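Structural features, examined
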Amino acid sequence: DLVVVRDNFYALEVPTFVGYATYQELGWIATQGLEFVATFEFMDANVGLSGHTSTRTGLVVEFFPWPFPEMRVMLRRTESDFAATGGTWDLSLQAHVFM
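Note on numbering: residues in each chain are counted from 1, in written sequence order. Totals for whole chains, interfaces and linings use all residues, but because this is a predicted model, local features are given only for residues with pLDDT of at least 70 and pairs of side-chain atoms are given and counted only at 80 or more. Hydrogens are left out, water is left out, and the side-chain values use all remaining heavy atoms of the structure.

Brief notes about the overall build of the protein chain
Note the following rule: Secondary structure elements are taken from DSSP: a helix is a run of H or I of four residues or more, a strand is a run of E of two residues or more, and numbering for both begins at the N terminus. Atoms counted for the radius of gyration: C-alpha only. Globule rule: 2.2 Å times residue count to the power 0.38. Accessibility here uses a 1.4 Å probe with only protein chains present; expressed as a share of the type maximum, an area under 20% marks a residue as buried, one over 50% as exposed, and anything in between as partly exposed. Surface accessibility follows the Shrake-Rupley procedure with a 1.4 Å probe radius. Residue values consider only the protein chains on display as shielding. Asp and Glu are treated as the negative residues and Lys and Arg as the positive ones, with His and the ends of the chain left uncounted. Charge positions come from single atoms, namely NZ of Lys, CZ of Arg, CG of Asp or CD of Glu.
From N to C terminus, the protein chain includes zero helices and six strands. In terms of C-alpha radius of gyration, the protein chain reaches 18 Å, well past the compact-globule figure of 13 Å for 99 residues. Considering only C-alpha atoms, the protein chain reaches an extent of 60 × 30 × 20 Å along its principal axes. Across the 99 residues in the protein chain, those meeting the buried criterion constitute 20%. Summed over all atoms, the accessible surface of the protein chain reaches about 7,400 Å², with 65% contributed by carbon and sulfur. Counting 5 positive and 12 negative side-chain charges, the protein chain places the averaged centre of each group 2 Å from the other.

Have a look at this one:
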């Protein structure tokens, strides 16, 4: 996926703003009901300014034990030019029921 944002402002100090974000995903079905996914995201909040980028990489395990429920575990690492810490980790545990 690729999203590009371009805004024109009326203020003379900031005539144009351009930013973009990308998302890539690679999945592998190990066996029926078990999928592994690797994700990569990149964002440049303002192309005209340096130091406004961030990246996020992730690993996902999706488990479908029966036809309708899904259990998902996702571990992600975010790296950012403008974050005080430089980056963070997050762990997400999800359960879905599809109707």
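Thoughts on the pairing of strand β2 (residues 16-31)
Our working rule: When DSSP locates at least two bridges between a pair of strands, those strands are taken to pair.
Bridge analysis of strand β1 (residues 2-8) against β2 gives seven bridges, and the strand direction is antiparallel. Looking at the pairing, R6 lines up with V18 of β2. One ladder, built from eleven bridges, connects β2 with strand β3 (residues 34-44); its direction is antiparallel. When the bridges of β3 are listed, Y23 appears paired with E41. Between the end of β2 and the start of β3, which pair antiparallel, lie two residues, with G33 showing a positive phi angle near 95 degrees.

With respect to the pattern of salt bridges
Short version of the rule: By definition, a salt bridge exists where a carboxyl oxygen of Asp or Glu is found within 4 Å of a side-chain nitrogen of Lys or Arg.
Counted under the stated rule, the structure contains four salt bridges. One salt bridge connects D90 with R76, and the closest N-O pair in it is separated by 3.2 Å. With D90 in strand β6 (residues 87-97) and R76 in strand β5 (residues 69-80), this residue pair connects regions lying 14 residues apart in the sequence. Using a relative accessible area of 24% as the deciding quantity, one classes D90 as partly exposed. Residue class for R76 comes out buried when judged on its relative accessible area of 19%.

Focus: the environment of L34
Rule in force here: By definition, residues are in contact when any of their heavy atoms lie within 4.5 Å.
Along the polypeptide, L34 turns up in strand β3. The spatial distance from the C-alpha of L34 to the C-alpha of F64 is 6.3 Å, given a sequence separation of 30 residues. Residues contacting L34, with those up to four places away along its chain left out, are W28, I29, V61, E62 and F63.

So, the packing of aromatic side chains
Condition: Working definition: a ring pair exists when centres of Phe, Tyr or Trp rings (six-membered ring for Trp) sit within 6.5 Å. Plane angles under 30 degrees give stacked, over 60 give edge-to-face, the rest tilted.
All told, the structure shown has two aromatic pairs when counted by the stated rule. Ring geometry for Y20 versus F42: centroids 5.8 Å apart, planes at 45 degrees, classification tilted. Of this pair, Y20 sits in strand β2 while F42 sits in strand β3, and the two are 22 residues apart along the sequence. Its relative accessible area of 21% is what places F42 among the partly exposed residues.

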